[in-house]
Amino acid sequence: MNDHIGFDGRVAIVTGAGNGLGRDYALELARRGAKVLVNDLGVTGAGIGASSAAADDVVREIRDAGGEAVASYDSVATREGGAAIVQTAIDAFGKVDICIANAGFLRNGRFEDLSDEQIDAVLGVHLKGAFHVAQPAYKAMRRNGYGRFLFTGSASAMFGHAWQANYAAGKGGLMGLSHVVAIEGSAYGITSNLLLPTAASRLAAEMTDGFKEIPAFADSIARSDRAAARGRTSPEYNTPLALYLVSEACRETHGIFSQNSGRYAKVRIVAADGWVAPVADAPPTIEELARQWDAVCDPTIEHEPLTVYDEFTAASTAARRQGVI
Ligand code: NAD
């Protein structure tokens, strides 16, 4: 059986492809036949400076191995930068099939101390940066009736990480962005998924451990069995999942997928069946709701709405099951 997953004829944009995860995605996409736009502003893990070397080195590596790639040094953090990234891919290769929004950096701090500068810079690169690249890429994909988006979320947003309120807000926003791109893109052959990667990349160097001052969070760190990763912590462990999600073979869309220590798993947003208030002239009192709290939180029956209207369906299904209507 030939189950090879190839990218011949595909054009891929990878932002932040000069280091870490993005670099490995770009190399593997090119190895498997894609033409790759290697974008990187060449900044530090805190988003300082700028250099063309990061993107140039990856382009050189791809070309030396016989692949096709072009470099872009534009910042995703501006609308002009995003437009230039997509235009460079179109000028070089004629179209865009795949867009992996991966560029980013950290500026961690205690929630109450985060400055406008820390908040704006981090939201600007992760959340607005994804918009800046994805909007023109989406238009190009729509013209061809085919596209694959992968947005880079984070476990820090989905599950929480102390001292990363700015980063988690940006990465959490990408979940909403990916969901809506998946819904709208379904009309045009465009899929969108969110990846929660994990890797001992240079971003780890930005993680000063002041966050251990929070006792419950420090306990969670102490309980975690990091040694069980047995070395499966390099950026390369994220690549099979990222590339599968942007392959033609993959039919997934509107999904959230996690890689941690070599474990690949779907992450789902589910709602409990909950408690349905009686049909009456007035809503329930706070006290009535408090009395029903166990039912509100009961995880026995779950719904997984994929649109706002699926939640109306979940509510009516729960109401019928509970004999309320
Ligand atoms: P990295 O620092 O090795 O790579 C990020 C790259 O993005 C850098 O080369 C940097 O120059 C580039 N970049 C930063 N700002 C840019 C901008 N404005 N325009 C273009 N390029 C820019 O980090 P990484 O660990 O490979 O992270 C890649 C992505 O994965 C990031 O979005 C990060 O938040 C996310 N992520 C990483 C982890 C992890 O454990 N490493 C976990 C969750 C999410």
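Residues numbered from 1 in each chain as written. Predicted model: local features only at pLDDT ≥ 70, side-chain atom pairs only at ≥ 80, totals over all residues. Heavy atoms only, no water.

## So, empty space enclosed by the protein
Link 1 in the chain: Under the criterion given, the structure shown has one cavity of 30 Å³ or more.
Link 2 in the chain: The calculated volume of the largest cavity comes to roughly 60 Å³.
Link 3 in the chain: Forming the boundary of the largest cavity are T15, V76, A101, N102, A103, V125, H126, G129, A130, T152, K171 and L174.
Link 4 in the chain: Of all the secondary structure elements, the ones that give two or more residues to the lining of the largest cavity are α4 (116–144) and α6 (165–185).
Link 5 in the chain: Looking at the lining of the largest cavity, the element that brings in the most residues is α4, giving four residues. (1 Å grid on protein atoms, 1.4 Å probe; cavity = no way out; pocket = protein on both sides within 12 Å on 5 of 7 lines; lining within 4 Å. Points joined across faces, edges and corners; volume = space filled by probe spheres on them. Helix = DSSP H or I, 4+ residues; strand = E, 2+ residues; numbered from the N terminus.)

## Section: the packing of helix α1 (residues 20–31) against helix α2 (residues 53–64)
Link 1 in the chain: Contact pair α1 / α2: the axes reach a minimum separation of 10 Å and the direction vectors enclose 20 degrees. What the angle tells us is that α1 and α2 run roughly parallel. As for the relative orientation of α1 and α2, their crossing is right-handed in sense. Here α1 contributes R23, A26, L27 and A30 to the contact with α2, which in turn contributes V58, E61 and I62.
Link 2 in the chain: The residue makeup of the contact of α1 with α2, split by class, is five nonpolar, no polar and two charged. (Axes fitted to C-alpha atoms, helices over the stretch in contact; angles between N-to-C directions. Parallel < 35°, antiparallel > 145°, perpendicular 65-115°, else oblique. Left-handed = near helix turned anticlockwise from the far one by under 90°. Contact = heavy atoms within 4.5 Å. Nonpolar A, V, L, I, M, F, W, Y, C, P; charged D, E, K, R; others polar.)

## Some thoughts on the nonpolar core
The tendency in soluble globular proteins is for nonpolar side chains to be buried side by side.
Link 1 in the chain: With 39 residues, the main nonpolar core has I13, V86, V96, V133, F149, F151 and L174 as its most contacted residues.
Link 2 in the chain: Looking at this core, the elements with two or more residues in it are β1 (11–14), α3 (79–93), β4 (98–101), α4, β5 (147–152), α6 and β6 (190–196).
Link 3 in the chain: In this view, I13 contacts L37, I85, V86, A89, V96, I98, C99, I100 and V133; residues no more than four positions away in its chain are not counted.
Link 4 in the chain: Grouped together as the second largest cluster of nonpolar side chains are 29 residues, L27, A34, I100 and L150 included. (Core = buried A, V, L, I, M, F, W, Y, C linked by side-chain atoms within 4.5 Å. Buried < 20%, exposed > 50% of the residue type's maximum accessible area, 1.4 Å probe, protein only.)

## Looking at the domain arrangement of the chain
Accessible area lost when the parts come together is the quantity often used to give the size of an interface.
Link 1 in the chain: Structurally, the chain comprises domain 1 (11–267) and domain 2 (271–321).
Link 2 in the chain: When each unit is reduced to the centre of its C-alpha atoms, the spacing between domain 1 and domain 2 is 36 Å. (Domains from an automatic or database assignment.)

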